[in-house]
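Close look at the chain arrangement
So you can see what is in the structure, the chains are spelled out below.
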Amino acid sequence: MIMVFAMIGAIWGIGAVMKAPRRGRWIMTFVLLGVVILTHLVLPADNALRQATGGDARLWLLLIAAGILIKGYSLILRRLKARVQPVETQAPRKGFTETELTRYARHIMLREIGGTGQATLQGARVLVVGAGGLGSPALMYLAASGVGTIGVIDDDDVDASNLQRQVIHRDAWIGTPKVAAAKQAILELNPHVKLRPYHRRLTPEIAADLIADFDLVLDGCDNFETRYLVNETCVAAGVPLIAGALTQWEGQLGLYDPARGGPCFACVFPAAPAPDLVPTCAEAGVAGPLPGVVGSMMAVEALKLLVDAGTGLRNRLLIYDALYAETRDMKTKARADCPVCQGRGLHVT
Ligand SMILES: [Zn+2]
């Protein structure tokens, strides 16, 4: 028996030295084992060669069966491992450099995004209204995530009182336009995306032309006049809107997209509250990290909407109460008597 093992060892040892293919070595091993078994079947029990090679064919058959079982088990394990890998791990076919593939690798391995989703993000155009508390994290995560074209409109300049929460701006940029600061921060974060800065207030004269250029709008502005204008323009253009708002310790966000079902912003908030009832951040204060939470949620919802992943905030208003560490989810509904969308979203299934 030792002789047979020595011969198998020689096949693999000499094969390794001569760099013979593994397949050839396996064939030689099986031929050798075949000859051994044949020897046991043909020769009488007391034959010296048969005695020297183990004495019984069943022993060799058992060894071969054990080998086949081990190989089969490892094959099954490999198949199972392959099955738990995300379905879509292929890289985008075109349009990405090696550097970008490395940058977006953690997205590409997500089943819900993958290579196709990342290419969709690269081709997407998202407008962010306001480069303030909500706009800061939203802009940074959209850029980091690889949204190819990002617009930002804001007429304000960076002020020292912004820096407690508007994390896209830097101390050295106080006094410069917020959109210029945002552009610099984003290009430093991800030079592979385009940022279109608009240093002006969003007015009815420019809203329609501007919003028509984008696939999605994120509204993080700080006044109701702009909020309603953004909603009206988005409804007219059929562009989905993700709007967030903050006060002191509480934030909220929702998706308003009647063209594809659900309410518009005016369905849920029919009238702006009297100015003295809803104080601004400047009047009432706001916890520094709160816009970070809500603005980041807006960016997550934007990504999900763009790549069509999961369940979004259509017909829902998500409220986050930071002071008590609670979230609430309110059902919202399109209204047939809404003067902006006329309940268009009620008829979309
Ligand atoms: Zn409406």
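Residues numbered from 1 in each chain as written. Predicted model: local features only at pLDDT ≥ 70, side-chain atom pairs only at ≥ 80, totals over all residues. Heavy atoms only, no water.

This part covers the overall build of the chain. Check the secondary structure of the chain and you find 14 helices and eight strands. By the burial criterion, 42% of the 349 residues in the chain qualify as buried. For the chain, the proportion of contacts with a sequence separation of at least 24, taken over those separated by at least 6, is 61%. For the chain, the accessible area works out to roughly 19,000 Å², and carbon and sulfur atoms hold 61% of it. (Helix = DSSP H or I, 4+ residues; strand = E, 2+ residues; numbered from the N terminus. Buried < 20%, exposed > 50% of the residue type's maximum accessible area, 1.4 Å probe, protein only. Contact = heavy atoms within 4.5 Å. Areas by Shrake-Rupley, 256 points an atom, 1.4 Å probe, with all protein chains shown as cover.)

Moving on: the pattern of salt bridges. Per the counting criterion, the structure on display carries eleven salt bridges. Arg227 is the salt-bridge partner of Asp219, the closest N and O atoms lying 3.9 Å from each other. As far as burial versus exposure is concerned, Asp219 and Arg227 are alike and both buried. The closest approach of N and O atoms between Arg328 and Glu250, which form a salt bridge, is 3.8 Å. Residue Arg328 is located in strand β8 (residues 326-331), and its partner Glu250 is located in strand β6 (residues 250-256); the two are separated by 78 residues in the primary sequence. On the basis of relative accessible area, Arg328 is assigned to the partly exposed category, the value being 37%. Taking relative accessible area as the criterion, Glu250 reaches 29% and is therefore assigned partly exposed. Among the ionic contacts, a cluster of salt bridges with common partners joins Asp257, Arg260 and Arg314. (Salt bridge = Lys/Arg side-chain N within 4 Å of Asp/Glu carboxyl O.)

This paragraph deals with the confidence of the model for the chain. Scored by pLDDT, the chain has a mean of 88; 88% of the residues are at 70 or more. Every residue in residues 85-93 is under pLDDT 50, and counting partners more than four places away or in other chains gives 20 contacts. (pLDDT = per-residue confidence, 0-100.)

For the pair helix α8 (residues 135-145) and helix α14 (residues 290-307), interaxial distance at closest approach is 7 Å and the crossing angle is 40°. Taken together, α8 and α14 sit at an angle that is classed as oblique. α14 is crossed by α8, and the crossing has right-handed handedness. Two secondary-structure elements touch here, α8 through Pro137, Ala138, Tyr141, Leu142 and Ser145 and α14 through Pro291, Gly292, Gly295, Ser296, Ala299, Ala302 and Leu303. Taken together, the residues that form the contact of α8 with α14 break down as eight nonpolar, four polar and no charged. (Axes fitted to C-alpha atoms, helices over the stretch in contact; angles between N-to-C directions. Parallel < 35°, antiparallel > 145°, perpendicular 65-115°, else oblique. Left-handed = near helix turned anticlockwise from the far one by under 90°. Nonpolar A, V, L, I, M, F, W, Y, C, P; charged D, E, K, R; others polar.)

Further remarks concern a nonpolar patch on the surface. A contiguous nonpolar patch, built from Met3, Met7 and Leu49 and spanning about 260 Å² of accessible area, is present on the exposed surface. Among the secondary structure elements, Met3 is positioned in helix α1 (residues 2-17). On the basis of relative accessible area, Met3 is assigned to the partly exposed category, the value being 41%. (Patch = residues over 30% accessible without salt bridge, like charges linked within 9 Å, V, L, I, M, F, W, Y side chains within 5 Å.)

Further remarks concern the sheet that holds strand β3 (residues 194-198). Ordered by their spatial adjacency, eight strands build an open sheet running β3-β2-β1-β4-β5-β6-β7-β8, and the pairing between neighbours is mixed. In the strand order of this sheet, the two ends are held by β3 and β8, each with one partner. When strand polarity is set aside, the average angle formed by the axes of neighbouring strands in this sheet is 15°. In this sheet, strand β4 (residues 216-219) lies alongside strand β1 (residues 125-129) in parallel orientation, the contact comprising four bridges. Among the inter-strand pairings, Val129 is bridged to a residue of β4, identified as Asp219. Most of the contacts of α8 go to strand β2 (residues 149-153), to which it runs at about 165°, and overall it touches β1, β2 and β4. (Pairing = 2+ DSSP bridges.)

Bringing the nonpolar core into the picture now. With 47 residues, the main nonpolar core has Leu139, Leu142, Val147, Ile150 and Leu218 as its most contacted residues. Breaking this core down by element, the ones donating at least two residues are β1, α8, β2, α9 (178-189), β4, β6, α14 and β7 (316-321). In this structure, Val230, Leu241, Cys264 and Ala334 belong to the second largest nonpolar core, which totals 31 residues. (Core = buried A, V, L, I, M, F, W, Y, C linked by side-chain atoms within 4.5 Å.)

Moving on, we get to the packing of aromatic side chains. Overall, the coordinates contain five aromatic pairs when judged by the stated rule. Ring plane angle 85° and centroid distance 5.4 Å describe the contact between Tyr256 and Phe265, whose orientation is recorded as edge-to-face. We note that Tyr256, like Phe265, is buried. Among the aromatic side chains, those forming a connected cluster through ring pairs are Phe224, Tyr228, Tyr256, Phe265 and Phe269. (Phe/Tyr/Trp six-rings, centres within 6.5 Å; stacked < 30°, edge-to-face > 60°.)

For the rest of this paragraph, the subject is helix α11 (residues 224-237). Across its 14 residues, α11 extends 20 Å between first and last C-alpha, which sits within 8% of the 20 Å expected from 1.5 Å per residue. Those residues of α11 not exposed but buried are Thr226, Arg227, Tyr228, Leu229, Val230, Asn231, Thr233, Cys234 and Val235. Here the buried face of α11 lies against β1, α10 (204-211), β4, β5 (241-247), β6 and α12 (265-268). Where α11 starts, the residue carrying a side-chain oxygen 3.3 Å from the main-chain nitrogen of Glu225 turns out to be Asn223. Downstream of α11 by one or two residues, Gly238 has phi in the positive range, about 70°. (Expected span 1.5 Å × (residues − 1). Polar contact = N/O pair within 3.5 Å; in protein donor to acceptor, adjacent residues only side chain to side chain.)

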